[in-house]
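Here is what each chain is made of, one letter per residue.
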Amino acid sequence: SIHTQTSVNLLKKHCNYNRNTIPQIGEISSFLQLQTNFRLRPVAGLISSRDFLNGLAFRTFFCTQYIRHPSMPLYTPEPDIW
């Protein structure tokens, strides 16, 4: 979609997104904070619904970063969305 392509282009321009690098959460968070006043905060795994929603109240989106193995690109050990 056009929205997706626009987002990818912004990541390429501002967050060092390309086929040879993995964008870092800090780079993406800095960009998001400038654009939306939201920031990303890395967590090691699942957090409670209460903690997640509390973070949103303060414009913080908790996230994890997984590097998926090329043999199983659609698999992640944790669910993307609950």
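Residues numbered from 1 in each chain as written. Predicted model: local features only at pLDDT ≥ 70, side-chain atom pairs only at ≥ 80, totals over all residues. Heavy atoms only, no water.

## Observations regarding helix H2 (residues 25-36)
Worth spelling out the cut-off: A run of DSSP states H or I qualifies as a helix once it reaches four residues; a run of E qualifies as a strand once it reaches two. Both are numbered from the N-terminal end. Between the first and last residue of a helix there are one fewer steps than residues, each counted as 1.5 Å, and that sum is the expected span. Throughout, exposure labels follow a simple rule: accessible area from a 1.4 Å probe, protein chains only, divided by the maximum for the residue type, with under 20% read as buried, over 50% as exposed, and the rest as partly exposed. The arc refers to the directions leading from the helix axis to the C-beta atoms. Contact criterion: two residues are considered in contact whenever any of their non-hydrogen atoms come within 4.5 Å of each other.
Taking 1.5 Å per residue as the helical rise, H2 with its 12 residues ought to reach 16 Å, and the 15 Å between its terminal C-alpha atoms agrees with that figure. Every buried residue of H2 is listed here: Ile25, Ser29 and Phe31. Viewed along the axis of H2, the buried residues span an arc of 165 degrees, placing them on a single side of the element. More than 90 degrees from the buried face of H2, the exposed residues found are Leu34 and Gln35. Structurally, H2 contributes buried residues whose contacts are with helix H1 (2-14), strand E1 (39-42) and strand E2 (60-63). Just beyond H2, the residue with positive phi is Asn37, at close to 70 degrees.

## Comments concerning the confidence of the model for the chain
The cut-off we apply is this: As a per-residue measure, pLDDT tells how confident the predictor is, with possible values from 0 to 100.
Per-residue confidence for the chain gives a mean pLDDT of 86; residues scoring 70 or more make up 93%. Confidence, expressed as mean pLDDT per element, reaches its minimum in the chain at H1 with 88 and its maximum at helix H3 (residues 49-57) with 96.

## Here we look at the side chain of Ser29
On the secondary structure map, Ser29 appears in helix H2. Residue contacts for Ser29: discarding those within four places in its chain leaves Phe38, Arg39 and Leu40.

## Re the packing of aromatic side chains
Quick reminder of the rule: Aromatic pairing here means that ring centres of Phe, Tyr or Trp (its six-membered ring) are within 6.5 Å. Orientation follows from the plane angle: under 30 degrees is stacked, over 60 is edge-to-face, and everything else is tilted.
Inspection of every chain in the model, using the stated rule, returns 1 aromatic pair. Note on Phe52 and Phe61: the rings are 5.4 Å apart at their centroids and 80 degrees apart in plane angle, and the pair reads as edge-to-face. Assessed through its relative accessible area of 27%, Phe52 is described here as partly exposed.

## Quick look at the state of the cysteines
We apply this condition: Whenever a pair of cysteine sulfur atoms sits within 2.5 Å, that pair is classed as a disulfide.
This model, assessed by the stated rule, comprises 0 disulfides. Left without a disulfide partner, Cys15 is nearest to the cysteine sulfur of Cys63, which lies 12 Å away.

## Regarding unusual backbone geometry
In the Ramachandran plot, Asn37 falls in the positive-phi region, its phi being about 70 degrees despite a non-glycine side chain. Located in the positive-phi region is Arg59, a residue other than glycine, with phi close to 60 degrees. The topology assignment puts Arg59 in the loop between H3 and E2. The partly exposed category is assigned to Arg59, whose relative accessible area is 35%.

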